[in-house]
Amino acid sequence: MSEANDQRAALSNKTAELAVAGSTFALGAIVVFDSWRLGAKWMADGPQTGYFPFYVGLIICIASVVNFVGALRAGDKDSAFVEVGQLKLVLSVLVPTSVYVVLVGFLGIYVPSIVYIAFFMLWLGKYAWWKAALVSVGTNVFFYCVFEIWFQVPLPKGVVESLLGLD
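Residues numbered from 1 in each chain as written. Predicted model: local features only at pLDDT ≥ 70, side-chain atom pairs only at ≥ 80, totals over all residues. Heavy atoms only, no water.

Here we look at the overall build of the chain
Here is the rule we go by: Strands here are runs of E lasting at least two residues and helices are runs of H or I lasting at least four, both read from the DSSP assignment and numbered beginning at the N terminus. Only C-alpha atoms enter the radius of gyration; for comparison, a globular chain is expected to reach 2.2 Å times N to the power 0.38, where N is the number of residues. Throughout this description, buried means an accessible area under 20% of the type-specific maximum (1.4 Å probe, protein chains only), exposed means over 50%, and partly exposed covers the range between. In this analysis, two residues are considered to be in contact whenever any of their non-hydrogen atoms come within 4.5 Å of each other. Note on areas: Shrake-Rupley with a 1.4 Å probe; residue coverage comes only from the protein chains shown. Charge counting treats Lys and Arg as positive and Asp and Glu as negative, with His and both chain ends excluded. Lysine's charge is taken at NZ, arginine's at CZ, aspartate's at CG and glutamate's at CD.
Looking only at helices and strands, the chain has seven helices and four strands in total. Start at the N end of the chain and walk to the C end: the helices and strands fall as α-β-α-β-β-α-β-α-α-α-α. Compactness check: the chain gives a C-alpha radius of gyration of 24 Å against a globular reference of 15 Å for 167 residues, more than 25% above the reference. The dimensions of the chain, computed from C-alpha atoms along their principal axes, are 60 × 60 × 20 Å. In the chain, buried positions account for 23% of the 167 residues. In the chain, of all internal contacts separated by at least 6 residues, the share reaching a separation of at least 24 is 59%. Carbon and sulfur atoms make up 71% of the accessible area of the chain, which totals about 11600 Å². Across the chain, the mean location of the 10 positive side-chain charges is 4 Å away from that of the 11 negative side-chain charges.

A short note on helix α4 (residues 84-107)
Given 3.6 residues per helical turn, the α-helix brings residues three or four places apart onto the same face. We apply this condition: Take the residue count of a helix, subtract one, and multiply by 1.5 Å to get its expected span. Two axes enter the definition of the bend at a residue: one is fitted to the seven residues ending there, the other to the seven starting there, and the bend is the angle between them.
The end-to-end C-alpha distance of α4 is 33 Å, a good match for the 34 Å that 24 residues give at a rise of 1.5 Å each. Most pronounced at L91, the bend in α4 amounts to some 25 degrees. Within the span of α4, buried status applies to V84, G85, S92, P96, Y100 and V104. Immediately beyond the C-terminal end of α4, within one or two residues, lies G108, with a positive phi of roughly 85 degrees.

Regarding the packing of aromatic side chains
Basically, it comes down to this: Whether two aromatic rings pair depends on their centres lying within 6.5 Å, for rings of Phe, Tyr and Trp, where Trp uses its six-membered ring; planes under 30 degrees apart make the pair stacked, over 60 edge-to-face, and the rest tilted.
According to the stated counting rule, one finds 13 aromatic pairs in the structure shown. Ring centres of Y100 and Y116 lie 4.6 Å apart, and the angle between their planes is 25 degrees; on these two criteria the pair is classed as stacked. Of this pair, Y100 sits in helix α4 while Y116 sits in helix α5 (residues 110-123); the two residues are 16 residues apart in sequence, bridging distant segments of the chain. A relative accessible area of 23% means that Y116 is categorised as partly exposed. Measuring from ring centre to ring centre gives 5.5 Å for F119 and F120, while their planes differ by 75 degrees; the resulting arrangement is edge-to-face. You can call F119 partly exposed: its relative accessible area is 35%. Since its relative accessible area comes to 15%, F120 is described here as buried. What links up through ring pairs into an aromatic cluster is the set W36, W42, Y51, F52, F54 and Y55.

Notes on the domain arrangement of the chain
Our working definition: Where each domain starts and ends comes from a domain assignment, either automatic or drawn from a database.
With domains assigned, the chain is organised as domain 1 (3-83) and domain 2 (108-164). Inter-centroid distance (C-alpha atoms) of domain 1 to domain 2 is 39 Å.

Focus on unusual backbone geometry
In this structure, K126 takes a positive phi of about 60 degrees despite not being glycine. As for its placement among the helices and strands, K126 is situated in the loop between α5 and α6 (129-150). Residue K126 is classed as exposed on the basis of its relative accessible area of 64%. Located in the positive-phi region is Q152, a residue other than glycine, with phi close to 55 degrees. In this structure, Q152 sits in the loop between α6 and α7 (159-164).

Notes on the side chain of S136
Note the threshold: Pairing of N or O atoms within 3.5 Å defines a polar contact, subject to two protein rules: one partner must be a possible hydrogen donor and the other a possible acceptor, and residues neighboring in sequence count only if both atoms are side-chain atoms.
Tracing the chain through its elements places S136 in helix α6. What makes S136 buried here is its relative accessible area of 1%. At 2.8 Å, the side chain of S136 forms a polar contact with the backbone oxygen of A132. Not counting residues within four places of it along the chain, the set of residues in contact with S136 comprises I114, I117 and A118.

Written out as structure tokens, the structure is:
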């Protein structure tokens, strides 16, 4: 039963096309609005700051409307853009990666990176815990040496690095 559920469509092509057209229209509208705010006219001494971005945003909006109408007129071609099983696989990577990105902002890069690498090795790779610990800590020690010591490029630090005197 679960295999049959994994085969059904989570999102149709038509829905995906409508969502992308709407998103690109919103992006184009933001560019048009902000360019108009900056000045999108031709003055005696040449174009204002927002002149060219205004027209680029306008072209994006027009193309988005064309794509939106084309998706609406496509009829009932409800082929699957992504199936439930495929979406689960994508989300199994996207959700932990999103959590990792948020944690880097609070904890610095090293501690979340250790947890992130170990998590994927344990959960998806089914490695032994000691291998996951060795690889995740070793990788981060390597990158600390390369960036912080050799290239002297500071990466985001958190409270753990402060406690260890590595900041």
